[in-house]
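# Secondary and tertiary structure notes
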Amino acid sequence: VNVPVISDADTGYGDVLNVQRTVRQYEQAGVAALHIEDQAFPKRCGHLDDKQVVPMGDMVRKIRAAVEARTDPDFVIIARTDALAVTGWDDTMRRAEAYVRAGADMLFVEAVRTPEQAESLPGMFDVPLVYNYVETGKSPLLPVDELSRMGYKLVIYPASALLTVTRAVTDVVRALRTEGGTAHLVDDHMVSLVECFEVAGLTHMLATDARFAGAEL
């Protein structure tokens, strides 16, 4: 793709050496930014209950290791904290401040619960903040222009397509079982076969194939 890619690197997949390997490999793959979180591994979705977080010092070391590992100064390291639901607001603020001091380029406070919490965060730190927009999750679904006014610099929609596709696939399978077919879904619920293939670049691929087929031996 020709737009920047942000990748979820979970907990960095281990301790400091694993975090450094993760940063190097993501950077080499062309990723523009990644976020690493302070959950204990194996982690849970940030909008599920009963999460656990590692000690703040462990996460600080991971961030320092990540910063040391990168070679491209434009590669953005986002520090995510899931502490709000585990240890509360005050500890979350202490962690966020420590993560910024450790070198994080952006902050990601996961699963804020109220518009008031969301509004207070951007003015508290000297780095840009990320807002995680998760439909049916813990956080308020604030309009993007409102989040921009609050001072958020990045809004991610990590589950929007997944939640929509899950409903669509479930409906198709249910139709197969209850209706015995899917012909009634074609007009209102399906793209054409060609439209589907065009998402993967059908026209370009056919043109390339035709160009080589007509080349002289």
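This text follows the structure it describes.
Sequence order as written defines the numbering, with residues in each chain counted from 1. Local features in this predicted model are restricted to residues whose pLDDT is 70 or higher, and side-chain atom pairs enter the listing and the counts only when it is 80 or higher, whereas totals over whole chains, interfaces and linings include all residues. Side-chain descriptors were evaluated using all non-hydrogen atoms of the structure, hydrogens and water having been removed beforehand.

## Observations concerning the packing of helix α1 (residues 16-28) against helix α2 (residues 56-69)
For clarity, the threshold we go by: The axes are straight lines fitted to the C-alpha atoms, using for helices just the contacting stretch, and the angles between their N-to-C directions are given from 0 to 180°. Numbering of helices and strands starts at the N terminus; helices are DSSP runs of H or I of at least 4 residues and strands are runs of E of at least 2. We call two directions roughly parallel when the angle between them is under 35 degrees, roughly antiparallel when it is over 145, roughly perpendicular when it lies between 65 and 115, and oblique otherwise. By the definition used in this description, the sense in which the near helix is turned from the far one sets the handedness, with an anticlockwise turn below a right angle giving left-handed and a clockwise turn giving right-handed. Contacts were defined at the residue level, with two residues in contact if any of their heavy atoms lie within 4.5 Å.
Axis separation between α1 and α2 bottoms out at 8 Å; the angle between their running directions is 40 degrees. Between α1 and α2, the crossing angle belongs to the class labelled oblique. Relative to α2, α1 is oriented so that their crossing is right-handed. Counted together, Val16, Val19, Gln20, Val23 and Arg24 of α1 and Arg61, Lys62, Ala65, Ala66, Glu68 and Ala69 of α2 form the full contact between these two elements.

## A word on the side chain of glutamate 110
The line we're drawing: Per-residue accessibility, obtained with a 1.4 Å probe over protein chains only, is compared with the maximum for each type, and a residue is labelled buried under 20%, exposed over 50%, and partly exposed between these values. By the criterion applied in these results, polar contacts are pairs of N or O atoms within 3.5 Å in which, for protein atoms, one can donate a hydrogen and the other can accept it, and in which residues neighboring in sequence qualify only through two side-chain atoms.
As for its placement among the helices and strands, glutamate 110 is situated in the loop between β4 (106-109) and α4 (115-120). Under the relative-accessibility criterion, glutamate 110 is labelled buried at 2%. A distance of 3.1 Å separates a polar atom in the side chain of glutamate 110 from a polar atom in the side chain of asparagine 132. Beyond its immediate sequence surroundings of up to four residues, glutamate 110 is in contact with Gly46, His47, Lys51, Arg80, Thr81, Asp82, Leu84 and Asn132.

## A word on the pairing of strand β5 (residues 129-132)
We count it as follows: The criterion for strand pairing is that DSSP finds at least two bridges linking the strands in question. With its strands directed away from the observer, a crossover is right-handed exactly when the path from the first strand over the helix to the second travels clockwise.
Alternating residues of β5 divide into Leu129 and Tyr131 and Val130 and Asn132, and every residue in both groups is buried. Pairing of β4 with β5 involves 2 bridges; the strand directions are parallel. Residue phenylalanine 108 lies in a different strand from β5, and its bridge partner there is valine 130. For the crossover from β4 across α4 to β5, the handedness is right-handed. Crossover connection from β5 via helix α5 (residues 144-150) to parallel strand β6 (residues 154-156): handedness right-handed.

## Here's the deal with the pairing of β4
Here β4 shows a buried face lined by Met106 and Phe108 and a second buried face lined by Leu107 and Val109. Across 4 bridges, the pairing between strand β3 (residues 76-81) and β4 is parallel. Across the sheet, residue threonine 81 finds its bridge partner in β4, namely valine 109. Crossover connection from β3 via helix α3 (residues 89-101) to parallel β4: handedness right-handed.

## Quick word on the sheet that holds β3
Taken in spatial order, the 6 strands of this open sheet run β1-β2-β3-β4-β5-β6, and their pairing is parallel. Strand pairing shows two members of the sheet lacking a second neighbour, β1 (6-8) and β6, which therefore form its edges. Sheet twist, expressed as the average angle between the axes of neighbouring strands with direction ignored, equals 25 degrees. α1 contacts β1 and β2 (33-37) of the sheet and is inclined by roughly 160 degrees relative to β2. Helix-sheet contacts for α3 involve β3 and β4, and the interaxial angle to β3 is about 165 degrees.

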